[in-house]
Amino acid sequence: MRLFVSEGVPGCLPVLAAAGRARGRAEVLISTVGPEDCVVPFLTRPKVPVLQLDSGNYLFSTSAICRYFFLLSGWEQDDLTNQWLEWEATELQPALSAALQEGEDVLGSVRRALTHIDHSLSRQNCPFLAGETESLADIVLWGALYPLLQDPAYLPEELSALHSWFQTLSTQEPCQRAAETVLKQQGVLALRPYLQKQPQPSPTEGRAVTNEPEEEELATLSEEEIAMAVTAWEKGLESLPPLRPQQNPVLPVAGERNVLITSALPYVNNVPHLGNIIGCVLSADVFARYSRLRQWNTLYLCGTDEYGTATETKALEEGLTPQEICDKYHIIHADIYRWFNISFDIFGRTTTPQQTKITQDIFQQLLKRGFVWQDTVEQLRCEHCARFLADRFVEGMCPFCGYEEARGDQCDKCGKLINAVELKKPQCKVCRSCPVVQSTQHLFLDLPKLEKRLEEWLGRTLPGSDWTPNAQFITRSWLRDGLKPRCITRDLKWGTPVPLEGFEDKVFYVWFDATIGYLSITANYTDQWERWWKNPEQVDLYQFMAKDNVPFHSLVFPCSALGAEDNYTLVSHLIATEYLNYEDGKFSKSRGVGVFGDMAQDTGIPADIWRFYLLYIRPEGQDSAFSWTDLLLKNNSELLNNLGNFINRAGMFVSKFFGGYVPEMVLTPDDQRLLAHVTLELQHYHQLLEKVRIRDALRSILTISRHGNQYIQVNEPWKRIKGSEADRQRAGTVTGLAVNIAALLSVMLQPYMPTVSATIQAQLQLPPPACSILLTNFLCTLPAGHQIGTVSPLFQKLENDQIESLRQRFGGGQLEETFDLKAKTSLKPAVVETVTTARPQQIQALMDEVTKQGNIVRELKAQKADKNEVAAEVAKLLDLKKQLAVAEGKPPEAPKGKKKK
Amino acid sequence: MAAAAELSLLEKSLGLSKGNKYSAQGERQIPVLQTNNGPSLTGLTTIAAHLVKQANKEYLLGSTAEEKAIVQQWLEYRVTQVDGHSSKNDIRTLLKDLNSYLEDKVYLTGYNFTLADILLYYGLHRFIANHDCFVYKKMRIVTGGPHVCL
């Protein structure tokens, strides 16, 4: 039989610890695979560890694999063990994954579980869970708890029975060896990549995370709630505060809520795809629009990130200057966002004099305070071009495989990482002359020195804030690793100049100055920019981004700003999304897969429909996927049949039955209850949006319109209008209430679908203050006698063949399937086989060495260390790999398998 | 179906006459059985396995080590995966996986009917009861065996 394990996957701990039980009874081959490899042919999602039995069947449950090993050793199943294992699977695991992923409240969420184990151990007065000797239940639970408890800080002292049970097991040889194999001495950090990939547990237990609307259970309402809702409703338009006059520029006002919103700056030379759009600009736009509806003083800014190597390379490719490239692409970006109706107050760019001024100022402050130091680095220099060459500007022969056109950082043929100084026959990519190795000075930001300040600031900021769990987690794991000094200069021309003697040919590295772009963009908008950016007491800063951008916003910029000691406004709420996939794959420009911003306009589908669908599937809390079929479904069911149908009917009844005038409303207890339900849902919408749960709040809108449809359906105003006087009055009340719900929906919809919202408001002739302010109560904004305008349908049906042709045009589906197939067949060579009977310790030792050496090399490279030093370490690494290959009986050049989820 | 009702149904099909009383614990209403001769047992699959032994039908837990492990694996699957998921997407994936697993098998362990088949059948029942054509199609193989008329 063959056991598939993977480094850094917690489930492999108990399995490896239990494998020894089978010794002498069966031969277990252990194969190491990637954590994302699909080993079990019938499972859609990757699962490790897995045991492939000699019969060909698979065990893919960690407990079942352990159980099998124990059964082989002659152990017999018993009720108590079954109970522990069931408890582990249904109670402990969910609690643990919540704790390990969220990182927060570790003891809170698993405390009950830990206490349960502790009590059981002390109550039965046994050293082990199911008796006097260590057994299956102990191994499985030990493995489950190890990632958490190996750090003694997480193990509360008062749980002494649990403490000693865990220590006893941890010191036993099989467990120790399992931990070494899986964790590679990195402790819980080794599990991080695995945990980050797991879907976040949903906050409320048992609540499904899904694209589907949930079953709506009507909450029970108290008499008081109903009475309050009715009172608020009756006050109507009077309760609306006056509209705030539009300011230009928008500036913070003392005593008011001042909300500063940034969306991650898109890199200028790429056309953004739908994932980029939902990840930052669109998400931030919804929040900005919501914030304005609340009459908060709101400034929303974004812009293109324009400096850096990629722009220079692109300029070479297109035969333009970097400035021309930026001008060209900045317009493309601006046009796309305009089409998507993004309500920026400013959409600026980073290549401005303000950027230079503010970046240099922050740098000078850091330098003055000793947070920047210089170091010498060996680098290639082109004498002809008279400049040092960044890695991407060198080509040459790969020192490993002899490929002629290897790049300065990596060989495209053999895939190996290269130090530019190691290239044989190096060439300057620009002039083709041969560069020479020379030493040069670079500047480093001393993040370790700033780490303490950062932690203090995070300690003040995080509690009670709305940072998304992934943002908190990523930040905490960087801190747990310890911050490293970072090189902040590059040998480029296209960047912010470094104001220091000897650095005339260098610029700041983009990650140092890109986040400063927010400040300079604001400075280009108003000369009073410091009222936003040096005003942490009055300003609430919300920053939106995809999760890969978190460290720059949560660590790098805050460190620079804290080190500069200039009272900068730091992020209060960091809102990071997960990734949006395209039809179960990734967006890929090179493979022509996916929808890109400029193409969305050519589909004939209106921007608001795109906005709606992207927000409906916003990767909030976990990855999600764009699917054409789902887009069609959501358009036709939610927009057309639910929302559009309700709003259109409500308006049509007013036009057709009441000559366009809102009828008198005499509320019955049923109507009052509906009022209260709508109010409750509206308040829920507010709660969610205040927490920036954008996707969830959209559900509230659809819920209200579903209530509305039901209300019309049950009361049948089209029949009653033909009936008695009382029936006609009833028809009037139902129509009046329905059209007021439609008016409320138009305002709630405004952040999501601004054009549709404006259309509804024009159709209903909603009075201006009611269009621009959203209170927490449901008001009668269309009183009896109000005249509405012409009502017409809001949405169009999407047809199957239309969607099918779009799917074909933009790739996906079939293409992805063949890609999948390829990934699966390439799994075989990825498997590193080791036969446990054949000197596994030696191989294990070599693997450890390779990992360790690999880390050393990466570390050195990251620090831009002396190139000769790096070269020496790389040589060691290659030698180790060769030894390992020989020990494993593999050809030394066996390709590293592609890992695809 | 509540866990207690499911266990009573199981008792009947096992031919156990006396009929236990179950209490429910916590938010998820986990069944608890107070046994005559020992501590109480908690959890659907734990109690189910206990009932099988009570009925002297241990073969329903598998005969070989391999079968036993497979039975327990699918019992775990029932309470973590089948009961844990309610989104259409997850259910779809789950049924697709089950379908492809069962393509060359009569029962979950291969050729022998076990407790895993019974509990998985109960667990999936709620999806079929929805009259979802898609679900039904996918379920044919699971329900195709001769012992499904429980």
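Residues numbered from 1 in each chain as written. Chains lettered and ligands numbered in written order. Predicted model: local features only at pLDDT ≥ 70, side-chain atom pairs only at ≥ 80, totals over all residues. Heavy atoms only, no water.

1. Quick look at the sheet that holds strand S12 (residues 424-428) of chain A
Read across the sheet, three strands follow the order S11-S10-S12 (chain A) without closing on themselves; strand pairing throughout is antiparallel. One side of each edge strand has no neighbouring strand; the edge strands of this open sheet are strand S11 (406-407) and S12 of chain A. (Pairing = 2+ DSSP bridges. Helix = DSSP H or I, 4+ residues; strand = E, 2+ residues; numbered from the N terminus.)

2. Focus: the sheet that holds strand S14 (residues 486-487) of chain A
Residue and element names in this part refer to chain A. The strand order S9-S8-S13-S14 describes an open sheet built from four strands, whose pairing is antiparallel. Of all the strands in the sheet, the pair left with one neighbour each is strand S9 (387-388) and S14. The pairing of strand S8 (residues 372-382) with strand S13 (residues 436-445) spans ten bridges and is antiparallel. Counted as the bridge partner of Trp373 is Phe444 from S13.

3. Details of the confidence of the model for chain A
Residues and elements named next belong to chain A. Counting all residues, the mean pLDDT for chain A is 85, and 86% of those residues have values of 70 or more. Note that pLDDT drops below 50 for residues 200-217; the model gives that stretch 38 contacts with residues more than four away or on any other chain. Scored below 50 in pLDDT, residues 891-901 shows 16 contacts in the model against residues more than four places distant or in partner chains. (pLDDT = per-residue confidence, 0-100. Contact = heavy atoms within 4.5 Å.)

4. Brief notes about unusual backbone geometry
Residue and element names in this part refer to chain A. The omega angle of the peptide bond from Val48 to Pro49 is 0°, so this bond is cis rather than trans. Locating Pro49 in the fold gives a position in the loop between strand S2 (29-32) and strand S3 (50-52). In this chain, Asn248 is followed by Pro249 through a cis amide linkage whose omega measures -5°. Tracing the backbone through its elements, the reader meets Pro249 in the loop between helix H9 (223-235) and strand S5 (258-263). A positive phi angle, near 65°, is found at Gln295, a position not held by glycine.

5. Considerations on the packing of aromatic side chains
In this structure the tally under the stated criterion is 39 aromatic pairs over all chains. With centroids separated by 5.0 Å and ring planes inclined at 50°, the aromatic side chains of Tyr300(A) and Phe344(A) adopt a geometry described as tilted. Of this pair, Tyr300(A) sits in strand S6 (residues 297-304) while Phe344(A) sits in the loop between helix H12 (322-339) and strand S7 (346-349), and the two are 44 residues apart along the sequence. Given a relative accessible area of 0%, Tyr300(A) falls into the buried group. Consider the rings of Phe626(A) and Trp628(A), whose centres lie 5.1 Å apart with planes at 85°: the pair is edge-to-face. Within the aromatic cluster, the residues linked to one another by ring pairs are Phe42(A), Tyr58(A), Phe60(A), Trp74(B), Tyr77(B) and Tyr101(B). In this arrangement the basic side chain of Arg490(A) is found over the ring face of Tyr509(A), its NZ or CZ atom lying 3.6 Å from the centre. Above the ring of Tyr616(A), the side-chain terminus of Arg699(A) is found at 3.9 Å from the ring centroid. (Phe/Tyr/Trp six-rings, centres within 6.5 Å; stacked < 30°, edge-to-face > 60°. Buried < 20%, exposed > 50% of the residue type's maximum accessible area, 1.4 Å probe, protein only. Lys NZ or Arg CZ within 6 Å of the ring centre and 35° of its normal.)

6. Quick notes on helix H29 (residues 800-810) of chain A
Residue and element names in this part refer to chain A. Those residues of H29 not exposed but buried are Ile803, Leu806, Arg807 and Phe810. The arc that holds the buried residues of H29, viewed along the axis, is 100°, so those residues lie on one side. In H29, the exposed positions angled more than 90 degrees off the buried face are occupied by Asp801 and Gln808. Of the surrounding elements, those touching the buried residues of H29 are strand S19 (580-582), helix H20 (597-600) and helix H22 (628-658). At the C-terminal side of H29, Gly811 shows a positive phi close to 75°. (Arc of directions from axis to C-beta.)

7. Some remarks on the pattern of salt bridges
Residues and elements named next belong to chain A. A full pass over the atoms with the stated rule returns 37 salt bridges over all chains. Here Arg432 ties to Glu395 by a salt bridge, and the two come within 3.3 Å at their closest N and O atoms. One end of the pair, Arg432, is in the loop between S12 and S13; the other, Glu395, is in strand S10 (residues 394-397), and 37 residues separate them in sequence. Lys452 serves as the salt-bridge partner of Glu456, at 3.8 Å between the closest nitrogen and oxygen. On the criterion of helical spacing, the pair formed by Glu456 and Lys452 is a turn pair, its members being four residues apart in helix H14 (residues 447-461). Take Glu456: its relative accessible area is 44%, and that puts it in the partly exposed class. What you see here is one network of salt bridges that share partners, running through Asp285, Arg289 and Arg611. (Salt bridge = Lys/Arg side-chain N within 4 Å of Asp/Glu carboxyl O.)

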